[in-house]
Amino acid sequence: MALPPGLTESRFSEALEQFASAVGSDWVFSSDEDVALYRDSYSVYWGEEEERVASAAVAPANVEQVQQVVRIANRYGIPLYPISTGRNLTYGGSAPTLSGSVVVDLKRMNRILKVDDERNFALVEPGVSYYDLYNYIRDNDLRVMLDVPDPGWGSPIGNSLDHGCGYTLSPFRDHFGSHCGMEVVTPEGDVVRTGAGAVPGSDAWQDFHYGAGPTINGLFAQSNFGIVTKMGFWLMPLPEAFLIGTVTVPRYRDFAALIREASYLEDLYLIGMPWYTSPASGGAFIGTPPELAALMQDGWPSTGQLEEFVRAKGVPAWSLDLRFYGPEETVRANWAAARRRLAAAIPDAAFEDHDLVELPIPRDEETSFSHKPEVGIPALDAFMLVARNPGTTDDPPDGHADFFAMLPRTADAVHSAARVFAETYAEVGFPPLHHPFSIPVSYYSRCFIMGTVVPTWRDAERNARSRTLYERLVARCGENGWGCYRTAPAFQDLVVSQYSFNDNALLKFQEKLKDGIDPNGIISPGRYGIWPASMRNNRA
Amino acid sequence: MKRSLLLLVLLAASQGALAQTTPSAENGRTVFAKWCTPCHGADIVTGELWGRAPAPGTAALQLKYRGELPAVLEERTDLTGEFIETVVRGGLFGMPITRKTEISDSELEDIIAYLTKGDAG
Ligand SMILES: Cc1cc2nc3c(=O)[nH]c(=O)nc-3n(C[C@H](O)[C@H](O)[C@H](O)COP(=O)(O)OP(=O)(O)OC[C@H]3O[C@@H](n4cnc5c(N)ncnc54)[C@H](O)[C@@H]3O)c2cc1C
């Protein structure tokens, strides 16, 4: 059994009894078998000493119980690790950052407190999953649309507190950015409400996000300054229609103009998430087809070689799906305007119309609808990427660790990053997944992501190779000025160390806050590189 | 009846009075629909975006058994309670671990009753 650092077994047993008197003995999990359920299924250290494992888990049912748990933890010096739905797969699962922490599993706090389809918001507790909220909206015929990440079993609170993202219009894709109002149990057990929620009797908690004075909400995401127990989210009113329009462009060098036009449309809020692909490379998100690998054999191909490659292949170099939301009249008009601009900007651009989809999708058609997250339908389809698939039939991985580098929104940056990724894979001895036609992902509307999925294994040797690749990618991207948006605990110190401007001034500032707000270092020590004073030598 | 023996073992292993009740295949179907069908359903779930394919668990089992066993879990007649429990609580390749705050021990027994239909144990 793992123990919290510095605690004797008998002190820990005493603390567990106190937790049990706070939350009920059925909701304290301390047997080896039960604690193992909090392991990260996709751990990059599975079965090794460095694997982050809990010492126990407690599952409070309400805010008062969360406060009691926090007070007990302070008394005994026990690190806590709060999770909401605990499905943070590829970024650490439900396992703590510091081994020996007690996981505070908030899955039981699953009340949907309010969904308002005139003011367009939801107020939820941490255990409410996207599926729960979606079903509630549909069952009650509410006219709002969710923005969901690929896995529907996560939660608005858990996902947004790790800066997660989705697939619709830019203000909603940024899940933390679209929240309005929080309730937080502080490391010392107080309850704080932010924004208008701090005004006693306010009915505008989910309408006005700032309040007066500095906002502190950012402190609770990717960090360790409290346990969030309620959060409001602004929702998109249910659009009447959803329309996709596809534009393809023939030349490699057309990419820059394509991005410029898509950015224009997106920054005017006329389109949802722009979805780039490259027919020239077969259209997959990652993966290098043999003929491209051959072209890359003698180094990075020149622009001339790439133009010739596309011409010989006889397919468009790039393709972009534009997604429109709104009444039928406006989505059709916006698509017409987008076509006109793109045709003027890029010679030989070609356009394809798709059928207009009326919203909401009838419930018996949801499962087979192939653009679920784009219209806010929760699903688990994306596990296709991890599960045994045609590319991994006889040797499927046990999970993966995502690495997303954040780039400026330009074609040059995309091409440079693709090259850095490809070269890093080659250096570490992995077959290249990136190539000159690698495409960016635009979860966050103002920047691009160059991403990859690194396989993880329940095999120490193979995991060690994956870690080498991951760490090399972080370092190489850092050298190029590209930070990463999110990572598993095993890599958090490294990822944060790339954000080192002026001798790590940012981290030093965060540490000062940590010392003041959480003097005993109780909440999620080490999360995103923020260690309490007593543990700063823990940094990897 | 091998199955009743297994149930005894499961009952002995699980804590709490809840587990004393007989597992309900009917409730198992409901819990399965919520927690398992998104990955183990029979429908084609993805189209242009990820390629036309059934749910990820079903697609994986199609590749794993190459038609020797049904790819849809609910059509299997060879599943044992012990195997199902091991997979749900331990994970298997892309399928992650499920915690007790998500699916309780007694709900897992209901799923087992539903999937084994009393014809395997
Ligand atoms: C195939 C696949 C596809 C994915 N696609 C996406 C995607 O499209 N978009 C995306 O964003 N992610 C994606 N993910 C990553 C991840 O699965 C989701 O982000 C998921 O929503 C996170 O889990 P969760 O919502 O259960 O959050 P949790 O696991 O509950 O929380 C995440 C972390 O936030 C902190 N936290 C949670 N709750 C609290 C609280 N109440 N108080 C204080 N701190 C807290 C904790 O540190 C916790 O570990 C994908 C993963 C896979 C495997």
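Coordinates for the structure precede this section.
Residues numbered from 1 in each chain as written. Chains lettered and ligands numbered in written order. Predicted model: local features only at pLDDT ≥ 70, side-chain atom pairs only at ≥ 80, totals over all residues. Heavy atoms only, no water.

### A short note on the overall build of chain B
Scanning chain B from N- to C-terminus turns up six helices and two strands. Each helix and strand of chain B, placed in order from N terminus to C terminus, yields the pattern α-α-α-β-β-α-α-α. Relative to its full complement of 121 residues, chain B shows a buried share of 49%. Partitioning the contacts of chain B with sequence separation of at least 6, the portion at a separation of at least 24 is 54%. A total of about 5,900 Å² of accessible surface is found on chain B, and carbon and sulfur atoms cover 59% of it. (Helix = DSSP H or I, 4+ residues; strand = E, 2+ residues; numbered from the N terminus. Buried < 20%, exposed > 50% of the residue type's maximum accessible area, 1.4 Å probe, protein only. Contact = heavy atoms within 4.5 Å. Areas by Shrake-Rupley, 256 points an atom, 1.4 Å probe, with all protein chains shown as cover.)

### Here's the deal with unusual backbone geometry
Glycine aside, a negative phi is what most residues show, and trans is what most peptide bonds show. Each neighbour pair has its own omega, and for Leu359(A) with Pro360(A) the value is 0 degrees, a cis peptide bond. You can see Pro360(A) is positioned in the loop between strand E16 (357-358) and strand E17 (399-407). One non-glycine residue with positive phi stands out, namely Asn502(A), at about 55 degrees. You can see Asn502(A) is positioned in helix H14 (residues 501-517). Using a relative accessible area of 54% as the deciding quantity, one classes Asn502(A) as exposed. At Phe93(B), a residue that is not glycine, the phi angle is positive and equals roughly 45 degrees.

### Focus: the site of the ligand
Residues and elements named next belong to chain A. Surveying the vicinity of the ligand reveals 32 residues, the closest of which are Ser84, Thr85, Arg87, Arg486 and Arg527. In the model, an oxygen atom of the ligand is placed 3.0 Å from a nitrogen or oxygen of the aspartate 150 main chain. In isolation the ligand has 960 Å² of accessible area, and contact with the protein removes 97% of it. Counting only elements with at least two residues in the shell around the ligand, the list comes to strand E3 (80-83), helix H5 (156-161) and strand E10 (227-234). Looking at the shell around the ligand residue by residue, the class counts come to 17 nonpolar, eleven polar and four charged. (Near = heavy atom within 4 Å. Polar contact = N/O pair within 3.5 Å; in protein donor to acceptor, adjacent residues only side chain to side chain. Nonpolar A, V, L, I, M, F, W, Y, C, P; charged D, E, K, R; others polar.)

### Some remarks on the packing of aromatic side chains
All names here are of chain A. A full pass over the atoms with the stated rule returns 25 aromatic pairs over all chains. With a centroid separation of 5.5 Å and 45 degrees between ring planes, the pair formed by tryptophan 318 and phenylalanine 437 is classed as tilted. Of the two residues, tryptophan 318 is situated in strand E14 (residues 318-326) and phenylalanine 437 in the loop between helix H11 (411-428) and strand E18 (448-456); the sequence distance between them amounts to 119 residues. Pairing tryptophan 335 with phenylalanine 351 gives two aromatic rings, centres 6.0 Å apart and planes at 70 degrees, and the pair type is edge-to-face. Within this pair, whereas tryptophan 335 is found in helix H10 (residues 328-345), its partner phenylalanine 351 is found in strand E15 (residues 350-353), the two being separated by 16 residues in sequence. Relative accessible area serves as the criterion here: at 23%, phenylalanine 351 is assigned to the partly exposed category. Taken together, the ring pairs in this structure connect Tyr91, Tyr167, Trp275, Phe404, Tyr443, Tyr444 and Tyr485 into an aromatic cluster. The lysine or arginine in question, arginine 465, covers the ring of phenylalanine 430, its NZ or CZ lying 4.5 Å from the ring centre. (Phe/Tyr/Trp six-rings, centres within 6.5 Å; stacked < 30°, edge-to-face > 60°. Lys NZ or Arg CZ within 6 Å of the ring centre and 35° of its normal.)

### Concerning the sheet that holds strand E2 (residues 56-58) of chain A
All names here are of chain A. One open sheet accounts for four strands, arranged E1-E2-E4-E3; its pairing is mixed. Looking at which strands have only one partner, the edges of the open sheet turn out to be strand E1 (28-29) and E3. Here E1 pairs with E2 via two bridges, running antiparallel. Bridging from a neighbouring strand, phenylalanine 29 pairs with alanine 57 of E2. (Pairing = 2+ DSSP bridges.)

### Here's the deal with the nonpolar core
Across soluble globular proteins, nonpolar side chains show a tendency to be buried alongside one another. All names here are of chain A. Ranked by size, the top nonpolar core spans 60 residues in total, and within it Leu258, Tyr276, Trp318, Leu322, Phe403 and Phe437 carry the most contacts. For this core, the leading source of residues is H11, giving nine residues. Ignoring anything within four residues of it in the chain, the contact list for phenylalanine 437 reads Tyr252, Ser278, Ala280, Ser281, Leu292, Leu306, Phe309, Val310, Ala317 and Trp318. Listed in part, the 42 residues of the second largest apolar core include Tyr134, Leu142, Leu161 and Ala221. (Core = buried A, V, L, I, M, F, W, Y, C linked by side-chain atoms within 4.5 Å.)

### Describing the sheet that holds strand E9 (residues 191-193) of chain A
Residue and element names in this part refer to chain A. If you walk across this open sheet you meet the five strands as E5-E6-E10-E8-E9, and the pairing is antiparallel. A single partner strand is all that each edge strand has here, and the edge strands are strand E5 (112-116) and E9. Shown here is a sheet whose adjacent strand axes are inclined to one another by a mean of 10 degrees, direction ignored. The pairing of strand E8 (residues 179-185) with E10 spans five bridges and is antiparallel. Across the sheet, glutamate 183 pairs through a bridge with lysine 230, a residue of E10. (Axes fitted to C-alpha atoms, helices over the stretch in contact; angles between N-to-C directions.)

### What about the interface of chain B and chain A?
On the chain A side, the residues contacting the 33 residues of chain B number 49 residues. At the boundary of chain B with chain A, total buried surface from both sides reaches about 3,400 Å², with 61% on carbon and sulfur atoms. The interface formed by chain B and chain A holds four salt bridges in total. Its salt-bridge partner being Arg66(B), residue Asp394(A) comes within 3.0 Å of it at the nearest N-O pair. Here chain B and chain A share eleven residue pairs in polar contact (both at pLDDT 80 or more) between them. Among the secondary structure elements, those contributing two or more residues to the side of chain B that touches chain A are helix H2 (25-35), helix H3 (37-40), strand E1 (44-46), strand E2 (53-54), helix H4 (56-65) and helix H5 (81-90) of chain B. Top element by residues in the side of chain B that touches chain A is H4(B). It accounts for five residues. The class makeup of the residues in the side of chain B that touches chain A is 16 nonpolar, eight polar and nine charged. (Buried area = accessible area lost by both parts, 1.4 Å probe. Salt bridge = Lys/Arg side-chain N within 4 Å of Asp/Glu carboxyl O.)

### Details of the packing of H11(A) against helix H12 (residues 460-479) of chain A
Residues and elements named next belong to chain A. Interhelical geometry of H11 versus H12 gives an angle of 145 degrees and a closest axis separation of 10 Å. Helix-helix and strand crossings are classified by hand; for H11 and H12 the assignment is right-handed. Here Val420, Phe421, Thr424, Tyr425, Glu427 and Val428 of H11 lie close against H12, whose contacting residues are Arg465, Thr468, Leu469, Arg472, Leu473, Arg476 and Cys477. Broken down by class, the residue content of the contact of H11 with H12 amounts to seven nonpolar, two polar and four charged. (Left-handed = near helix turned anticlockwise from the far one by under 90°.)

### A short note on the packing of helix H7 (residues 255-267) of chain A against H11(A)
Residue and element names in this part refer to chain A. As a packed pair, H7 and H11 sit with axes 8 Å apart at the nearest point and diverge in direction by 125 degrees. Considering the angle they form, H7 stands oblique to H11. On the side of H7, the interface is formed by Phe255, Ala256 and Ile259, while H11 contributes Ala411, Val414 and His415. Taken together, the residues of the contact of H7 with H11 sort by class into five nonpolar, one polar and no charged. (Parallel < 35°, antiparallel > 145°, perpendicular 65-115°, else oblique.)

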